[in-house]
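# Working through the structure, step by step
One letter stands for each residue in the lines below.
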Amino acid sequence: MKPTNPRILPYGTAAIEAAAEVIRAGGCVAVPTETVYGLAADATDSRAVAGIYAAKGRPSFNPLIVHVPDLAAAERIALFDDAARELARRFWPGPLTLVLPVRPDAGIASLVTAGLDTVAVRVPRHRAMQALLAACGRPLAAPSANRSGTISPTRAEHVDANLGDRIALVIDDGATPAGIESTIVRGHAILRPGPLTPEALFPGGGAATAADPDATGIVAPGQLASHYAPSKPLRLNARDARPGEWLIGFGPVAGDDSLSPAGDLTEAAAALFDALHRADAAPAAAIAVAPVPETGIGVAINDRLRRAAHPR
Ligand code: TXA
Ligand code: MG
């Protein structure tokens with residue numbers, strides 16, 4: 001299938017049925033989750049999964065997250081210990097991805113795990129992804145619905161602009177509520193900071209983060225330094241715009257645009273990728289971003305900003 005333009009269907013029964021039909025036929029569709037829009041395909045069908053890699057132009061060593069409707073479905077794919085089960089009970093459905101040993105009988109295409117003996121699984125909360133999982137009755141592999149190396153999409157329009165010539169169908173259910181990708185956890189290590197903070201996940205303390213690979217000894221293979229890149233240079237911790245810069249503000253720094261005039265970090269996370277997309281589309285030659293506090297979900301926001309600022 002070589003679509004020239006995607007159909008963008010508003011969330012509803014017709015959209016879910018059309019999307020399930022594409023997936024059953026081995027295709028992929030863009031669907032919102034509570035974090036970002038995902039590009040979903042049947043995780044048990046290696047040709048379908050290859051279609052995701054092809055559309056994204058993603059290096060094949062970078063494994064994908066498997067989305068399932070509930071913990072029971074996750075346990076058919078991955079081996080849970082008590083600690084993982086406890087996290088799942090507390091945070092699923094929600095923006096938590098667990099990296100666990102893959103079950104030998106999981107039936108997941110090896111392209112999904114990129115040959116690793118672990119699998120990343122997640123139970124999403126968003127109604128559109130949940131409805132699609134129910135309609136398909138199979139686990140869905142879904143990376144963010146953007147070309148590899150570009151900014152993740154938080155709106156159907158972002159998907160259309162970035163990937164529109166490569167996919168058949170986008171389910172439009174407005175802006176995604178959390179706005180940044182799920183927190184990825186393996187054991188006590190946070191491989192990717194996200195909407196769920198270390199304090200929320202491990203209230204007793206003791207979380208190791210991937211920012212400190214010596215502590216974890218593990219990194220998510222997709223955590224390449226330059227990953228969430230706009231097409232222009234990006235300067236961090238800016239209090240004023242220099243000539244030719246588009247300033248993304250936060251709190252007291254007003255800017256051309258603001259992540260949150262009130263200085264609210266949750267609001268800023270939800271607005272982040274949208275603001276980066278707008279900055280990329282603005283006529284200014286460069287982007288500057290106001291300082292964002294390194295607390296709570298601010299850690300995940302700064303993680304994405306540092307990656308976006310990393311020269312390619
Ligand atoms: O919020 C999200 O997680 C979104 C939505 C669509 O669910 N998905 C997403 O997927 O961000 P993606 O493919 O863009 O990022 C998946 C990350 C990558 O950094 C990948 O390396 C890591 O998960 N990952 C996948 N499987 C892994 C594994 N077995 N071990 C370590 N890291 C893994
Ligand atoms: Mg991604």
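This report concerns the structure included in the present document. Model, not experiment: these values are computed from the prediction.

## Notes on the state of the cysteines
Applying the stated criterion across every chain yields a total of zero disulfides. Sulfur of cysteine 28: no disulfide; nearest cysteine sulfur belongs to cysteine 136 and is 12 Å away. For cysteine 136, a relative accessible area of 7% translates into the label buried.

## A closer look at the sheet that holds strand β15 (residues 286-289)
Strand order in the open sheet formed by four strands is β12-β15-β13-β14, with parallel pairing between adjacent strands. A single partner strand is all that each edge strand has here, and the edge strands are β12 (234-235) and β14 (257-258). Sheet analysis places strand β13 (residues 245-249) next to β15, joined by four bridges and oriented parallel. Bridge assignment links tryptophan 246 to a residue of β15, and that residue is isoleucine 287. Contacts from helix α10 (residues 265-281) reach β12, β13, β14 and β15 within the one sheet, and its direction differs from that of β13 by about 165°.

## Notes on the packing of α10 against helix α11 (residues 298-309)
Relative to each other, α10 and α11 sit at 25°, their axes nearing to 9 Å. Accordingly, the angle class assigned to the pair α10 and α11 is roughly parallel. Read as a crossing pair, α10 and α11 show a hand that is left-handed. Contacts between α10 and α11 involve Leu265, Ala268, Ala269, Leu272 and Phe273 from the former and Gly298, Ile301, Arg304 and Leu305 from the latter. Of the residues contributing to the contact of α10 with α11, the split by class is seven nonpolar, one polar and one charged.

## Observations regarding the side chain of serine 182
Among the secondary structure elements, serine 182 is positioned in the loop between β8 (169-172) and β9 (183-186). In this view, serine 182 contacts Thr35, Ile65, Pro95, Leu96, Thr97, Arg122, Arg192, Pro193, Gly194, Pro195 and Arg304; residues no more than four positions away in its chain are not counted.

## Observations regarding unusual backbone geometry
Residues tryptophan 92 and proline 93 are joined by a peptide bond in cis, for which omega reads -5°. Locating proline 93 in the fold gives a position in the loop between α4 (82-91) and β5 (96-101). Of note, the phi angle at asparagine 237 is positive, near 55°, even though the residue is not glycine. You can see asparagine 237 is positioned in the loop between β12 and β13. Residue class for asparagine 237 comes out exposed when judged on its relative accessible area of 55%.

## Focus: the nonpolar core
Among the nonpolar cores identified, the biggest contains 47 residues, and Phe80, Trp92, Leu98 and Val121 are the most heavily contacted of them. Only β3 (37-42), α2 (46-56), α3 (71-75), α4, β5, β6 (118-122) and α7 (156-163) provide two or more residues apiece to this core. At five residues, the largest contribution of residues to this core is made by α2. Setting aside residues up to four positions removed in sequence, tryptophan 92 forms contacts with Leu71, Ala74, Phe80, Leu87, Leu98, Val121, Arg122 and Val123. Formed by 31 residues, the second largest nonpolar core is a distinct cluster that contains Val36, Leu234, Phe250 and Ile297.

## Overview of the packing of aromatic side chains
All told, the structure shown has one aromatic pair when counted by the stated rule. Aromatic pair phenylalanine 80 and tryptophan 92: ring centres 6.1 Å apart, planes at 75°, arrangement edge-to-face. Placement of the pair is phenylalanine 80 in the loop between α3 and α4 and tryptophan 92 in the loop between α4 and β5, with a sequence separation of twelve residues. Assigned by exposure class, phenylalanine 80 and tryptophan 92 land together as buried.

## Some details on empty space enclosed by the protein
This structure, assessed with the given rule, holds two cavities of 30 Å³ or more. Its volume calculated, the second largest cavity comes out at about 30 Å³. Taken together, Pro193, Gly194, Leu196, Thr197, Pro198, Gly296, Ile297, Val299 and Ala300 make up the lining of the second largest cavity. When its residues are assigned to classes, the lining of the second largest cavity shows six nonpolar, three polar and no charged. Here the lining of the second largest cavity spans two domains, and each of domain 1 (7-216) and domain 2 (234-309) adds at least three residues to it.

Calculation notes
- Residues numbered from 1 in each chain as written.
- Chains lettered and ligands numbered in written order.
- Predicted model: local features only at pLDDT ≥ 70, side-chain atom pairs only at ≥ 80, totals over all residues.
- Heavy atoms only, no water.
- Disulfide = S-S within 2.5 Å.
- Buried < 20%, exposed > 50% of the residue type's maximum accessible area, 1.4 Å probe, protein only.
- Pairing = 2+ DSSP bridges.
- Helix = DSSP H or I, 4+ residues; strand = E, 2+ residues; numbered from the N terminus.
- Contact = heavy atoms within 4.5 Å.
- Axes fitted to C-alpha atoms, helices over the stretch in contact; angles between N-to-C directions.
- Parallel < 35°, antiparallel > 145°, perpendicular 65-115°, else oblique.
- Left-handed = near helix turned anticlockwise from the far one by under 90°.
- Nonpolar A, V, L, I, M, F, W, Y, C, P; charged D, E, K, R; others polar.
- Core = buried A, V, L, I, M, F, W, Y, C linked by side-chain atoms within 4.5 Å.
- Phe/Tyr/Trp six-rings, centres within 6.5 Å; stacked < 30°, edge-to-face > 60°.
- 1 Å grid on protein atoms, 1.4 Å probe; cavity = no way out; pocket = protein on both sides within 12 Å on 5 of 7 lines; lining within 4 Å.
- Points joined across faces, edges and corners; volume = space filled by probe spheres on them.
- Domains from an automatic or database assignment.

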